[in-house]
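# Analysis of the macromolecular model
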Amino acid sequence: MTDPAGGGVLVLDREQTRAASPPDAVLAAVRTALVAVSRGDVSAPARVAARSAHGLLGAMPGYVPQLGLAAKLVSVFSADGRGSHRGIVAHFDAQTGRPLAIMDAEAITAVRTAATATAAMLALARPGATRFAVIGTGAQARAQLAVLTAMGSAEVVVGARDQERAERLVAALPAGSAAGIEAAVKTADAVFCCTSSREPVVRRSWLADGAHLSSVGGSDGPEFDAETLQASSLFVEWPGAVTEPPPAGAWELQGTDPSAATLVGAVLDRRHPGRRSATELTLFKSTGHAALDVAAASIAYREARDRGLGITVDL
């Protein structure tokens, strides 16, 4: 591999991007990014998108002090009820503006989203929470499972509309499959909703008192019902999750009072207490944010250079 410092651009394919994105390092970088968002230190406009008859192409540039400058172009399309996030992330030198690397957006999106949901859970779930449910069987569910099963003592189950897909997904993992979504949710201390559903797949009546829900899917519609939102303390990555229309903001949060949402970075920064009681329902609604892509891209670029991954091209 040619040294990108000489003027070339490092290019990482999907597997190389994954290999250069260790979840623990991405988790640490994502925490830094979330705190920076909550302090107002990040420069990142709301996501914009061009829509076709079958999906959208979104653009997400961002700058985060300590982490760098990057931009993602990502297409969000659904086929047979299952979503895909395909595209590229470009990482730049924050001092000169020179492009440093291009990497796979699907891998970056998956790992940074799983890391963000995990950071929120660690900050908001009840102490001692060990029973986790992952809802979904797609790329994001797989990324979330990789993070959770690496935690060792966690008991992880998958709930899905397609039982056979759930069983195949956990076959090689230290995880189980529940008899449907409701069964998975009812026994969980924390639920990770990772679907492309256009209607709620999690309902308030299924959530145990004191449970935590992290919802990261729902690009085309709500993942949880209105009763869940009404009963929960709400946490988000950025204010636009409430104030911006989709695809920048969340379907579930349209019309919500912005003052009802707390930035999860403020909890990580110890400027907000987060959970206040053992019986409180906590809800983290993720819409994705450019600062999180910057965080993951900074790790992937550093790791790839250190490990000699990728090829360098002249652009």
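That block above? That's the structure.
Structural notes, computed from the coordinates. Every value quoted in this text rests on a predicted model; they were computed, and no experiment measured them.

### Topic: the overall build of the protein
Counting its secondary structure elements, the protein contains ten helices and 15 strands. For 315 residues, the compact-globule estimate of 2.2 N^0.38 gives 20 Å, and the C-alpha radius of gyration of the protein, at 19 Å, lies within 12% of that figure. Taken along its principal axes, the extent of the C-alpha atoms in the protein is 60 × 45 × 40 Å. Expressed as a percentage of its 315 residues, the buried residues of the protein come to 54%. Accessible surface computed for the protein: about 13,300 Å², of which carbon and sulfur atoms make up 51%.

### A word on empty space enclosed by the protein
Inspection of every chain in the model, using the stated rule, returns one cavity of 30 Å³ or more. Class assignment of the residues belonging to the lining of the largest cavity gives a composition of seven nonpolar, two polar and one charged.

### Observations concerning helix α4 (residues 139-149)
For α4, the buried fraction is high: eight of the eleven residues fall into the buried class. Buried residues of α4: Q140, A141, A143, Q144, L145, V147, L148 and T149, and no others. Elements in contact with the buried residues of α4: α2 (23-39), α3 (105-124), β7 (131-135), β8 (155-159), α5 (163-170) and β10 (190-193).

### Re the pattern of salt bridges
Scanning all chains against the criterion turns up 15 salt bridges. Where E15 meets R18, a salt bridge forms, and the shortest distance between an N and an O atom there is 2.6 Å. Placement of the pair is E15 and R18 together in helix α1 (residues 14-19), with a separation of three residues, close to one helical turn. Using a relative accessible area of 41% as the deciding quantity, one classes R18 as partly exposed.

### Comments concerning the layout of surface pockets
The space that makes up the second largest pocket amounts to roughly 270 Å³. As for the second largest pocket, its lining consists of 13 residues, and the residues nearest its centre are R18, A110, R142, A143 and A146. Broken down by secondary-structure element, the contributors of at least two residues to the lining of the second largest pocket are α3 and α4. Its residues placed into classes, the lining of the second largest pocket shows nine nonpolar, one polar and three charged. Viewed by domain, the lining of the second largest pocket spans two of them, domain 1 (9-108 + 290-313) and domain 2 (112-285), each represented by three or more residues.

### Quick notes on a nonpolar patch on the surface
Residues L57, L73 and I88 make up a contiguous nonpolar surface patch of roughly 250 Å² in combined accessible area. Looking at the element boundaries, L73 is found in strand β4 (residues 68-79).

What counts as what
- Residues numbered from 1 in each chain as written.
- Predicted model: local features only at pLDDT ≥ 70, side-chain atom pairs only at ≥ 80, totals over all residues.
- Heavy atoms only, no water.
- Helix = DSSP H or I, 4+ residues; strand = E, 2+ residues; numbered from the N terminus.
- Rg over C-alpha atoms; globule rule 2.2 N^0.38 Å.
- Buried < 20%, exposed > 50% of the residue type's maximum accessible area, 1.4 Å probe, protein only.
- Areas by Shrake-Rupley, 256 points an atom, 1.4 Å probe, with all protein chains shown as cover.
- 1 Å grid on protein atoms, 1.4 Å probe; cavity = no way out; pocket = protein on both sides within 12 Å on 5 of 7 lines; lining within 4 Å.
- Points joined across faces, edges and corners; volume = space filled by probe spheres on them.
- Nonpolar A, V, L, I, M, F, W, Y, C, P; charged D, E, K, R; others polar.
- Contact = heavy atoms within 4.5 Å.
- Salt bridge = Lys/Arg side-chain N within 4 Å of Asp/Glu carboxyl O.
- Domains from an automatic or database assignment.
- Patch = residues over 30% accessible without salt bridge, like charges linked within 9 Å, V, L, I, M, F, W, Y side chains within 5 Å.

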